[in-house]
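Here is how the chains run, residue by residue.
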Amino acid sequence: MSIETISLSGRKKVVSNKEMTFFERMYLIAIVKGLMITIKHLFTRKVTIQYPEQVREMSPVYRGQHQLKRDEQGRENCTACGLCALSCPAEAITMKAEERKPDEKHLYREEKYASIYEINMLRCIFCGLCEEACPKDAIYLTTSKVLVPSSYEREDFIFGKDRLVMPLDIAMQNAQLKNAN
């Protein structure tokens, strides 16, 4: 068995270098096919949404802005394990872990916490891999329609813990909803 016959994926294709005919070299058939597609689209009805009156339905797999969760007592769930940063294909997440001090027990659940947690929204591709990699369910992509606001400064797109951590009142509402169910 030679190296040329081995295919790891099983999708090996044999490429032929046959001589093209005169019409194939002129690309007339390809141009006519492209024009036919363009003409077909000219006569189809356009899908227009009248925005203020009609709101476009969001996809069921829509992923909005990131948020760091808190538990029912208001403590941050993140333990700075770094799995979200490792799983991020765009390398948009950076964090720095620190040990919890005895007087900070009411702020963090575990002995280790993320003192710096930043997401560069210019690099983020909103793939949701950070959400799937987190063992403590600390980060998630919201379903809110609030998008990353526009700006002229690069620093405005680096979201720190001040913009990522869930507000305390929302964490308490979530705890009440869990207890009611």
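Residues numbered from 1 in each chain as written. Predicted model: local features only at pLDDT ≥ 70, side-chain atom pairs only at ≥ 80, totals over all residues. Heavy atoms only, no water.

UniProt feature "binding site: [4Fe-4S] cluster 2" (unreviewed entry): in the numbering of this structure it lies at C88, C124, C127 and C130. A maximum C-alpha distance of 10.5 Å among these annotated residues, which run over 43 residues, shows that they cluster at one spot. Mapped onto the elements, C124 comes out in the loop between β3 (112-120) and α4 (129-133). You can call C124 buried: its relative accessible area is 14%. Once residues within four sequence positions are removed from consideration, C124 is found in contact with H66, A92 and I119. Relative to the helices and strands, C127 is located in the loop between β3 and α4. On the basis of relative accessible area, C127 is assigned to the partly exposed category, the value being 25%. Not counting residues up to four positions away in its chain, the partners in contact with C127 are R63 and P89. (UniProt positions renumbered as here; feature names shortened; annotations may be inferred. Helix = DSSP H or I, 4+ residues; strand = E, 2+ residues; numbered from the N terminus. Buried < 20%, exposed > 50% of the residue type's maximum accessible area, 1.4 Å probe, protein only. Contact = heavy atoms within 4.5 Å.)

Considering soluble globular proteins, one finds that nonpolar side chains tend to be buried as a cluster. I93, Y117, I119 and I139 are the most contacted members of the largest nonpolar core, which has 22 residues in total. Where this core is concerned, the elements lending two or more residues are β3 and β4 (139-141). Per-element tally for this core: the top contributor is β3, with three residues. (Core = buried A, V, L, I, M, F, W, Y, C linked by side-chain atoms within 4.5 Å.)

Our next topic: the packing of aromatic side chains. Overall, the coordinates contain one aromatic pair when judged by the stated rule. Geometrically, the ring pair formed by Y108 and Y113 is stacked, given 3.8 Å between the ring centres and 10 degrees between the ring planes. Per residue, the accessibility class of Y108 equals that of Y113, and both read buried. For R163, the ring lying beneath its charged end belongs to F159, and the centroid distance is 3.8 Å. (Phe/Tyr/Trp six-rings, centres within 6.5 Å; stacked < 30°, edge-to-face > 60°. Lys NZ or Arg CZ within 6 Å of the ring centre and 35° of its normal.)

Mapping H66 onto the fold places it in strand β1 (residues 66-68). Overall, the relative accessible area of 5% leaves H66 in the buried class. With sequence-adjacent residues up to four places away left out, H66 is seen in contact with I119, M121, C124, F126, C130, I139, Y140, L141 and L164.

The topology assignment puts T142 in the loop between β4 and β5 (158-159). Exposure remark for T142: the relative accessible area of 11% places this residue in the buried category. Setting aside chain neighbours within four positions, we find T142 in contact with Y62, R63, G64, Q65 and Q67.

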